[in-house]
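# Remarks on the overall topology
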Amino acid sequence: MEIKKIPRFRFAPSPTGGLHVGTARTALFNWLAARSMKGKLILRIEDTDAKRSSIAYEKSIIGDLKWLGLDWDEFYRQSERIKIYQKRAFQLLDEDKAYRCFCSPERLENLKESQYAAGKMSQYDGLCRKLDNTEVEKKLKDGVPFAIRFKVADDTEITFHDLIRGDISFSSEVLGDFIIIKSDGTPSYNFAVVVDDEDMKITHVLRGEDHITNTARQILLFESLGSDLPSFAHFSMILGSDGSKLSKRHGATTISQFREEGYLAEALANYLSLLSWAPGEGQEIFGPADILDKFNISHISKSPATFDVDKLNWINGIYIRKKSDKELAELCIPYLLSEKIIDKKGTENEKIMGKILKGINAFKDNLKVLGDFSLYMKDFFKEKIMEYSSEAEEILKLESSKAVLKNFLELLESEWKSFDNNPDMDFNEDQGKKLINKIGENLKDLKIKGKYLYMPIRVSITGKTHGPELPKVISILGLENCIQRVSQTLEYIKNNKL
Ligand code: GLU
């Protein structure tokens, strides 16, 4: 009876920067594959390059993965496994599958330059492969530092079946003998990966196509270590809207940048799952866990995916509108705080919190990212109108506008009196609507209606000709602030002789 192996996937980020969207998609696809096949997912931090790696990046990557809703079953850190790699490399030395290379960095640099100048591909020329035992012993005795190089057989064809791209083959000639342990004792990327993939019993290696040439080297290493090959699958790159590789030029590229701008984790995970893959039947809005029965590695597209910010914004908007007003307010408050629109004390103030909730209700439909909320709200927290737009001034010049504003102010003041001048009393949207209707009725005889009625009201409390529905604006500002602003506007008309 054949015993079915439990599929084991791994996600192996190098902590040399924040989590990039491309790497996040690799993580997500590994998660989807592992979970849909009821397998295991291993998180492996590839931090053997001590100069470029940092624990801060590791923390931020892990934080971002968790934020995206991903989880894993085992965790390893390569920097804690150096002895294991060294042991395996010395084993290959003993078996004559590798050799010590004593070449100095200068020699290697010169070699590279001369090969480059001659228009040849740069690769090691095999000098130290020819050293005999006595020469090696002598250099060791003299304390010459050495690296360990893997012996690549000449003229071998390396072929593998990629689950996404089909059969791929390479000639070993293009590889050259490559380093597996550097002179400082740390493993090269390719060697550490193979030792780990073998040790961790990885059955599937799913990663970006930038690793395809590494796969050729890794297959040779797997074979020399006598282990079974995992299955390989390489995704296409993610391109920016102009067709070039996605980079900083295209705007945000790391998960933490998107998070800071106010993309929701659910929306980002949903969008990333759609890069090079789709559950079919036009289904576009889903959580990764909802489509486990549909996910299949072989259905991932070979063609590059284009990162489409408009689509991400559209998806983000959908998830934003799925939240309750209260949840959204909680999510938007950090932006109001960091923009200094409110302070920490404000979050404990009922009136301010009420204002925020009213703002959410008014602006929810317009939010692409949570950060937009501060832009919409910042004027509402000021006592005064900072400036009148030129279109607003045109409205204020109309004779009819003056009549509207006088009436508006009178009504606001009488409401304010009936509130007993109590700033804590809430003036809601319905009351705002009634108030506007009343101005309309009062001015019926003067035939002021439509735009001539609404525009001056809007301008007198916002300084602008566009914005959310008027009753909402009035309610967010509250009676007291509306009175201040209309008075300010009447003053402005007078002072500027409009
Ligand atoms: N550490 C590699 C990287 O961040 C990934 C290695 C792999 O998936 O084999 O690109």
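A brief report on the enclosed structure follows. Being a predicted model, the structure only gives us computed values, none of them experimental. (Residues numbered from 1 in each chain as written. Predicted model: local features only at pLDDT ≥ 70, side-chain atom pairs only at ≥ 80, totals over all residues. Heavy atoms only, no water.)

Helix and strand content of the protein: 19 helices and twelve strands. When the backbone C-alpha atoms are referred to their principal axes, the protein occupies close to 110 × 55 × 40 Å. Counting only residues that meet the buried cut, the protein has 48% of its 498 residues in that class. Sequence separation of 24 or more characterises 76% of the internal contacts of the protein that already satisfy a separation of 6 or more. Within the structure as shown, the protein displays about 25700 Å² of accessible surface, and the carbon and sulfur contribution to it stands at 50%. Averaging the coordinates of the 74 positive side-chain charges in the protein and doing the same for the 76 negative ones gives two points 2 Å apart. (Helix = DSSP H or I, 4+ residues; strand = E, 2+ residues; numbered from the N terminus. Buried < 20%, exposed > 50% of the residue type's maximum accessible area, 1.4 Å probe, protein only. Contact = heavy atoms within 4.5 Å. Areas by Shrake-Rupley, 256 points an atom, 1.4 Å probe, with all protein chains shown as cover. Lys, Arg positive; Asp, Glu negative; His and termini not counted. Charge placed at Lys NZ, Arg CZ, Asp CG, Glu CD.)

Next up on the list: the side chain of Asp197. You can see Asp197 is positioned in helix H6 (residues 189-199). Setting aside chain neighbours within four positions, we find Asp197 in contact with Arg10, Arg44, Ile202, Val205 and Phe222.

This part takes up the site of the ligand. Within the structure, the ligand sits among Arg10, Ala12, Ser14, Glu46, Tyr189, Arg207 and His211. In this structure, Ser14 approaches the ligand through a side-chain N or O atom, which is 3.0 Å from a nitrogen atom. The contact in question runs from an oxygen atom of the ligand to an N or O atom on the side chain of His211, over 3.0 Å. Considered on its own, the ligand offers 290 Å² of accessible surface; in the complex 81% of this is hidden by protein. For the shell around the ligand, the class distribution of residues is two nonpolar, two polar and three charged. (Near = heavy atom within 4 Å. Polar contact = N/O pair within 3.5 Å; in protein donor to acceptor, adjacent residues only side chain to side chain. Nonpolar A, V, L, I, M, F, W, Y, C, P; charged D, E, K, R; others polar.)

Pairing between sheet strands relies on hydrogen bonds along the backbone, with the strands arranged either parallel or antiparallel. Strands sit in the order E4-E5-E8 across an open sheet of three strands; the sheet is antiparallel. Strands at the two margins of the open sheet, each flanked by one partner only, are strand E4 (98-101) and strand E8 (178-181). The sheet shows a mean angle of 45 degrees between the axes of neighbouring strands, direction not considered. Judged from the three bridges that link them, strand E5 (residues 147-150) and E8 form a sheet pairing that is antiparallel. Residue pairing across strands places Ile148 opposite Ile181, the latter belonging to E8. (Pairing = 2+ DSSP bridges. Axes fitted to C-alpha atoms, helices over the stretch in contact; angles between N-to-C directions.)

On to the packing of aromatic side chains. Under the definition given, this model contains 14 aromatic pairs. Aromatic side chains Phe29 and Phe235 sit 5.2 Å apart centroid to centroid with 85 degrees between the ring planes, which places their arrangement in the edge-to-face category. With a gap of 206 residues between them, Phe29 in helix H1 (residues 21-36) and Phe235 in strand E10 (residues 231-235) connect regions that are remote in the sequence. A single burial state applies to Phe29 and to Phe235, both of which are buried. Measuring from centroid to centroid gives 6.3 Å for Trp277 and Phe286, while their planes differ by 90 degrees, and the two rings are edge-to-face. Residue Trp277 is classed as buried on the basis of its relative accessible area, which comes to 4%. Among the aromatic residues, ring-to-ring pairing joins Phe29, Phe235, Trp277, Phe286 and Phe295 into one connected group. (Phe/Tyr/Trp six-rings, centres within 6.5 Å; stacked < 30°, edge-to-face > 60°.)

Where strand E6 (residues 157-162) meets strand E7 (residues 166-171), six bridges bridge the pair, whose relative direction is antiparallel. The partner of His161 across the bridge, within E7, is Asp167. The antiparallel pairing of E6 with E7 creates a hairpin that spans three residues between the two strands.

If you look at the biggest cluster of nonpolar residues, it comprises 101 residues, and the most contacted ones within it are Ile297, Phe307, Phe373, Phe408, Ile439 and Ile461. Looking at this core, the element that brings in the most residues is H1, giving nine residues. Ignoring anything within four residues of it in the chain, the contact list for Ile297 reads Phe9, Ala33, Leu163, Ile164, His204, Leu206 and Ala233. In terms of nonpolar packing, the next biggest core, distinct from the first, is built from 33 residues, Ala89, Ile148, Phe160 and Phe222 among them. (Core = buried A, V, L, I, M, F, W, Y, C linked by side-chain atoms within 4.5 Å.)

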